[in-house]
Amino acid sequence: SGQPRAKKNEAGSYSDIANRLKNQNDYKQALQYYLKGIDILEKAGLDAELVTVYCNVSTLFGDILEPAKQNEYAKKAVAAAINTGQDQKQVMAYIILANSYTMQDDNLSAKKSMDSAGKHFNELILINNVEILFSYYLVLGQVFKNLDQLDSAFNSFQKCFEISKKYNYSYGKAESQLQIGAVAIMLKKYKEAETYLL
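About the criteria used
Residues numbered from 1 in each chain as written. Predicted model: local features only at pLDDT ≥ 70, side-chain atom pairs only at ≥ 80, totals over all residues. Heavy atoms only, no water. Helix = DSSP H or I, 4+ residues; strand = E, 2+ residues; numbered from the N terminus. Buried < 20%, exposed > 50% of the residue type's maximum accessible area, 1.4 Å probe, protein only. Contact = heavy atoms within 4.5 Å. Areas by Shrake-Rupley, 256 points an atom, 1.4 Å probe, with all protein chains shown as cover. Lys, Arg positive; Asp, Glu negative; His and termini not counted. Charge placed at Lys NZ, Arg CZ, Asp CG, Glu CD. Disulfide = S-S within 2.5 Å. Patch = residues over 30% accessible without salt bridge, like charges linked within 9 Å, V, L, I, M, F, W, Y side chains within 5 Å. Salt bridge = Lys/Arg side-chain N within 4 Å of Asp/Glu carboxyl O. Phe/Tyr/Trp six-rings, centres within 6.5 Å; stacked < 30°, edge-to-face > 60°.

A. Representation of the overall build of the protein chain. What the protein chain contains, in helices and strands, is 10 helices and 0 strands. Starting at the N terminus, the α and β elements of the protein chain follow one another as α-α-α-α-α-α-α-α-α-α. Overall, the C-alpha framework of the protein chain stretches about 60 × 35 × 30 Å when taken along its three principal axes. Taking all 198 residues of the protein chain together, 42% fall into the buried category. Summarising the internal contacts of the protein chain: among those between residues at least 6 apart in sequence, 54% fall at separations of at least 24. Entry remark: accessible area of the protein chain is about 10,500 Å², with carbon and sulfur atoms responsible for 49%. Within the protein chain, the 22 negative side-chain charges are centred at a point lying 2 Å from the centre of the 23 positive side-chain charges.

B. Molecular detail of the side chain of Ser 15. With respect to the secondary-structure elements, Ser 15 resides in helix α1 (residues 2-23). Setting aside its immediate chain neighbours within four residues, Ser 15 contacts Tyr 34 and Val 53.

C. Structural context of the state of the cysteines. Applying the stated rule across the entire model yields 0 disulfides. This cysteine, Cys 160, is not joined by any disulfide, and Cys 55 carries the nearest cysteine sulfur, 18 Å off. A residue is classified by how much of its surface remains accessible, and Cys 160, at 0% relative accessible area, is buried.

D. Spatial organisation of a nonpolar patch on the surface. On the surface, Leu 178, Ile 185, Tyr 190 and Leu 197 cluster together into a nonpolar patch covering about 410 Å² of accessible area. Contributing elements (two or more residues each) for the nonpolar patch: α9 (170-186) and α10 (190-197). Relative to the elements of secondary structure, Ile 185 occurs in helix α9.

E. Fine view of the pattern of salt bridges. Enumeration over the complete set of coordinates arrives at 7 salt bridges. The partner of Glu 123 in a salt bridge is Lys 159, with the nearest N and O atoms 3.3 Å apart. Of the two residues, Glu 123 sits in the loop between α6 (107-120) and α7 (130-146) while Lys 159 sits in helix α8 (residues 150-166), which places them 36 residues apart along the sequence. A salt bridge links Lys 191 to Glu 194; its shortest N-O distance comes to 3.0 Å. Separated by 3 residues within a single helix, Lys 191 and Glu 194 lie in helix α10, roughly one turn from each other. Judged by relative accessible area, which is 63%, Lys 191 ranks as exposed. Using a relative accessible area of 42% as the deciding quantity, one classes Glu 194 as partly exposed.

F. Fine view of unusual backbone geometry. A positive phi is found at Asn 25, a non-glycine position, where the angle reads about 65°. For Asn 25, the position within the fold is in the loop between α1 and α2 (27-44). Phi angles above zero are rare outside glycine, and Asp 148 is one such case at about 65°. With respect to the secondary-structure elements, Asp 148 resides in the loop between α7 and α8.

G. Broad picture of the packing of aromatic side chains. One pass over the full model with this rule turns up 10 aromatic pairs. Ring centres 6.1 Å apart and planes at 40° place the aromatic pair Tyr 14 and Tyr 33 in the tilted group. Pair noted here: Tyr 14 is in helix α1 and Tyr 33 is in helix α2, with a separation of 19 residues, a long-range link. Residues Tyr 136 and Tyr 137 carry aromatic rings whose centres are separated by 5.0 Å and whose planes lie at 80° to one another, so their mutual orientation is edge-to-face. The same class applies to Tyr 136 and to Tyr 137, which are both buried. Every member of this aromatic cluster is reached through a ring pair, and the members are Tyr 54, Phe 61 and Tyr 73.

H. Expanded view of the environment of Leu 150. Structurally, Leu 150 is set in helix α8. Taking the relative accessible area as the measure of exposure, Leu 150 reaches 14% and is therefore buried. For the pair Leu 150 and Asn 56, spaced 94 residues apart in sequence, the C-alpha to C-alpha distance is 29 Å. Setting aside its immediate chain neighbours within four residues, Leu 150 contacts Lys 145, Val 183, Met 186 and Leu 187.

The values reported here are purely geometric and, on their own, carry no functional implication.
Now the structure itself:
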């Protein structure tokens, strides 16, 4: 029983280094450490841990504008998440996949992924995970915006703002106000746009 834990810890330390390098904008090095961790986790069959690292790698490939790789790792995240049977993991993976489709301007696939995330989404379960809660409504809002469903986009971004206020998530508050403001302008709700953007 010590074996999987040792593997988890080893992979975890690679991820920690990768996260630090990513925060220093050293994406190439970060990627190498993430991939070392992935190698260990794949050999040990540790799906729950793999979901998180696949999601991180997908996001990283998005940051360095490699959409094919971003999509590939998002799909791996979804496959691993389905194996875990955990709702929270599946929500996270489908959000990452939707995000990757959004970057490729494939808005219908992005919407399909968000519908899949929605099937596993439960605010009560996610109450202690503000980042997933926020990301769910943020990506949903972006998908609606890209599909020209502006009222739905507006509502999703407002949910982002409410969640950010409730959990005092400062990045979330700023990001959601920008998004609400942008959609309000598209809806010609100039008074509301001004309120959020100021």
